[in-house]
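Observations on the three-dimensional arrangement
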Amino acid sequence: QVQLKESGGGLVQPGGSLRLSCAASGSRSSTVTMDWYRQAPGKQRELVAGFTSGGTTNYADSVKGRFTISRDNAKNTVYLQMNSLKPEDTAVYYCNAWRIGLAGGRYDYWGQGTQVTVSS
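Structural notes, computed from the coordinates. Within any chain, residue numbers begin from 1 and follow the written order of that chain's sequence. Given that the model is predicted, a residue must reach a pLDDT of at least 70 before its local features are reported, and side-chain atom pairs must reach 80 or more before they are shown or counted; all residues, however, enter totals for whole chains, interfaces and linings. Only hydrogens and water are set aside when side-chain values are computed; all heavy atoms of the structure are taken into account.

**Some details on the environment of Gly50**
Secondary structure elements follow DSSP: runs of H or I of four or more residues count as helices, runs of E of two or more count as strands, with numbering from the N terminus. Tracing the sequence through the fold places Gly50 in strand β5 (residues 46-51). Throughout, exposure labels follow a simple rule: accessible area from a 1.4 Å probe, protein chains only, divided by the maximum for the residue type, with under 20% read as buried, over 50% as exposed, and the rest as partly exposed. The exposure class assigned to Gly50 is buried, which follows from its relative accessible area of 0%. On a C-alpha basis, the gap between Gly50 and Leu80 in space is 9.6 Å, while along the polypeptide they are 30 residues apart. Between two residues, a contact is recorded if the distance between any of their heavy atoms is within 4.5 Å. Discounting chain neighbours no more than four positions away, the residues touching Gly50 are Asp35, Thr56, Thr57, Asn58 and Ile69.

Now the structure itself:
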């Protein structure tokens, strides 16, 4: 019902920038809210940046002031602008899309992940 395609990962030096993109497609792509998660080796997946149901943004404390999430509703695309990158930002970044069904249950959809490596 929702397919997600991520792009924009790669290798960057500390202090550098990257922009991730995630495009949603499918029959329900216009009804989902989209967030970014990441998972570093040996760690649990964590929410990096997302939108609340009210449309405001929220960020993990570790990325506040450095990362910015934005979206283009016409393109069903969400972006993650990452500035002042640090080695500890190294992880696989996942796009997540979710919606609430008619019965109240939450439906989650995940992208395949894109590797971000911050290293000199």
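From this point, things continue past the structure.
**Here we look at the layout of surface pockets**
Residues are said to line a cavity or pocket when one of their atoms sits within 4 Å of a point; the points come from a 1 Å grid over protein atoms alone, cavities being sets where a 1.4 Å probe fits but cannot get out and pockets being open sets with protein on both sides within 12 Å along at least five of seven lines. Grid points are joined across faces, edges and corners, and a volume is the space filled by probe spheres set on the points. Of the voids in this model, the largest pocket is the one considered here, and its volume is about 160 Å³. Contributing to the lining of the largest pocket are 13 residues, with Val32, Met34, Arg71, Asn73 and Asn76 lying nearest its centre. Only β4 (33-39), β7 (67-72) and β8 (77-82) provide two or more residues apiece to the lining of the largest pocket. Residues are grouped as follows: Ala, Val, Leu, Ile, Met, Phe, Trp, Tyr, Cys and Pro are nonpolar; Asp, Glu, Lys and Arg are charged; every other residue, Gly included, is polar. Classifying every residue of the lining of the largest pocket by side-chain character gives four nonpolar, seven polar and two charged.

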